[in-house]
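Residues per chain, in single letters:
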Amino acid sequence: MFATIRQTQQLFESNKMVDVGGSMLALGDGTFALQDYADVYETERTTYMKAAEDLKLATGPYQAARDAYVAATATYTKEMYE
């Protein structure tokens with residue numbers, strides 16, 4: 001395991017760059033820009049939140065149909081045993 005970590009560290013040191021989410025970040029020379037990270041984070045978060053909201057809206061009709069089925073089944077079962 002240590003050989004693998006050492007090899008990975010050597011690879012990063014030799015390249016001085018790492019690909020993170022399609023954008024290149026320099027390692028070891030202090031050029032990490034917080035604003036660049038924040039921009040990528042906000043873009044990805046916005047995309048995620050929109051997808052989550054779309055999913056929530058898409059499941060509404062299915063939940064309503066399920067609830068109607070459960071209520072109808074309960075009413076039918078109650079009528080059978082009265």
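Before reading on, note that the structure itself is shown above.
Residues numbered from 1 in each chain as written. Predicted model: local features only at pLDDT ≥ 70, side-chain atom pairs only at ≥ 80, totals over all residues. Heavy atoms only, no water.

**Student:** Could you give an account of the overall build of the protein, with specific residues and numbers?
**Tutor:** What the protein contains, in helices and strands, is two helices and two strands. Taken across its 82 residues, the protein has 1% of its residues classed as buried. When the accessible surface of the protein is totalled, it reaches about 7,500 Å², and 62% of it is carbon and sulfur. (Helix = DSSP H or I, 4+ residues; strand = E, 2+ residues; numbered from the N terminus. Buried < 20%, exposed > 50% of the residue type's maximum accessible area, 1.4 Å probe, protein only. Areas by Shrake-Rupley, 256 points an atom, 1.4 Å probe, with all protein chains shown as cover.)

**Student:** Describe helix 2 (residues 34-80), naming the residues involved and giving the relevant values.
**Tutor:** Along its 47 residues, helix 2 runs 67 Å from first to last C-alpha, staying within 8% of the 69 Å computed at 1.5 Å per residue. Roughly 30° is the biggest bend found in helix 2, and it falls at G60, with proline P61 one to four residues downstream. (Expected span 1.5 Å × (residues − 1). Bend = angle between axes of the 7 residues up to and from the residue.)

**Student:** Which residues make up the pattern of salt bridges, and what values do they have?
**Tutor:** Under the definition given, this model contains two salt bridges. For D67, the salt bridge goes to R66, with nearest N and O atoms at 3.0 Å. The class for D67 is partly exposed, based on a relative accessible area of 43%. (Salt bridge = Lys/Arg side-chain N within 4 Å of Asp/Glu carboxyl O.)

**Student:** I'd like a rundown of a nonpolar patch on the surface, residues and numbers included.
**Tutor:** Together, L34, Y37 and Y41 give the surface a local cluster of nonpolar side chains, amounting to about 370 Å² of exposed area. Within the element layout of this structure, Y37 appears in helix 2. Residue Y37 is classed as partly exposed on the basis of its relative accessible area of 47%. (Patch = residues over 30% accessible without salt bridge, like charges linked within 9 Å, V, L, I, M, F, W, Y side chains within 5 Å.)

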